[in-house]
Amino acid sequence: MTPHAKVHASKRQPPSAHFQESTPMQQTTSKPTEPILLAAARIGTFDGQRALTGASGFFFEREDRLFLVTSRHVLIDEPSQHFPDRIEIELHIEPGNLTRSTGFSMLLYREGKGVWRDGTDGGGEIDVAVIEIERAALPQACVLRAFTPAHLAAAHDAIEVGDALLVVGFPLGFHDLLHHLPVVRQAIIASSYGLRFQGKGYFLTDARTHRGTSGAPVLMRDPSPTTATQALPWKLLGVHSSRMDIAGRDQVQDEALGLNCAWYADILLTLTEPQPDPTGD
């Protein structure tokens, strides 16, 4: 990164309330819900019972294994002394009635070691993390959708600067409180897609974003979905992380750039690879 640019890395929202199983206010309509809204997850971070922050995430499935994807700094952020010991995500629990939801808690440490997976490359740390979800622990009637490796962009895909994107998340924790669904912001690709911006593993987007959006999927409509992606016809291009700004910007005279860092989603292929059995069995 050049000395003239800086990244505002923490885009978590302020402390939020503990998730509780909801009581439906009314039944949902028969209108089918867009599947990308069921692929995103609202995340709350906690230190014991103390609520810390809120963020966004999404589900990624590889073979028979299910993962929650978010930004690494949502789970641990040394510069801001953010060290939660567990997270909660909100899950729909009744097909056909989105007003029913519950909180699903996951511990972040086991025997003193973090349970998430993250990584580095030649440019340094990558602000993406995944946690494997135990399917057997999920509510029996859990309703969610998940992206797969088939949703990742291929080398031959025509993806260019200026192409339209969507960012699906929970800015400032804002969402449909009745149906427990995220909101969507429009974006465009703001740097050459496929090139590592300033040597880092991300590209830039031009979008209005807020705290709480960290970890949201950055998507582009798939014009030619395959059998594997037809039910969720989007290309998963990146994971929204933070906003980009200029060091030394005059806070009075100059507006913020409105540019954001989205880490290339192909890192998920590395982070979701099968792990060796530590017992050797």
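Residues numbered from 1 in each chain as written. Predicted model: local features only at pLDDT ≥ 70, side-chain atom pairs only at ≥ 80, totals over all residues. Heavy atoms only, no water.

Visitor: Help me understand the environment of R117, please; the structure alone is not making it clear to me.
Guide: Among the secondary structure elements, R117 is positioned in strand β9 (residues 117–121). Judged by its relative accessible area of 17%, R117 falls in the buried class. Contacts of R117, omitting those with residues within four sequence positions, involve R65, F67, V128, A129, V130, E132, L271, T272, E273 and Q275. A polar atom in the side chain of R117 sits 3.0 Å from the backbone oxygen of L271. At 3.0 Å, the side chain of R117 forms a polar contact with the backbone oxygen of E273. (Helix = DSSP H or I, 4+ residues; strand = E, 2+ residues; numbered from the N terminus. Buried < 20%, exposed > 50% of the residue type's maximum accessible area, 1.4 Å probe, protein only. Contact = heavy atoms within 4.5 Å. Polar contact = N/O pair within 3.5 Å; in protein donor to acceptor, adjacent residues only side chain to side chain.)

Visitor: What is the right way to read the pattern of salt bridges from this model?
Guide: When the charged atoms of two side chains with opposite charge come close together, those side chains can pair. One pass over the structure, following the stated rule, counts 13 salt bridges. In this structure, the salt-bridge partner of E90 is R42, at a minimum N-O distance of 3.0 Å. With E90 in strand β5 (residues 86–92) and R42 in strand β2 (residues 40–47), this pair connects stretches of sequence that are 48 residues apart. Of the two residues, E90 and R42, neither departs from the other in class, the shared state being buried. The residue D118 makes a salt bridge to R72 at a minimum N-O spacing of 2.8 Å. Of this pair, D118 sits in strand β9 while R72 sits in helix α2 (residues 72–75); the two residues are 46 residues apart in sequence, bridging distant segments of the chain. Judged by relative accessible area, which is 32%, D118 ranks as partly exposed. Take R72: its relative accessible area is 12%, and that puts it in the buried class. Salt bridges here are not isolated pairs; linked through shared partners, they connect R72, E78, D118 and E125. (Salt bridge = Lys/Arg side-chain N within 4 Å of Asp/Glu carboxyl O.)

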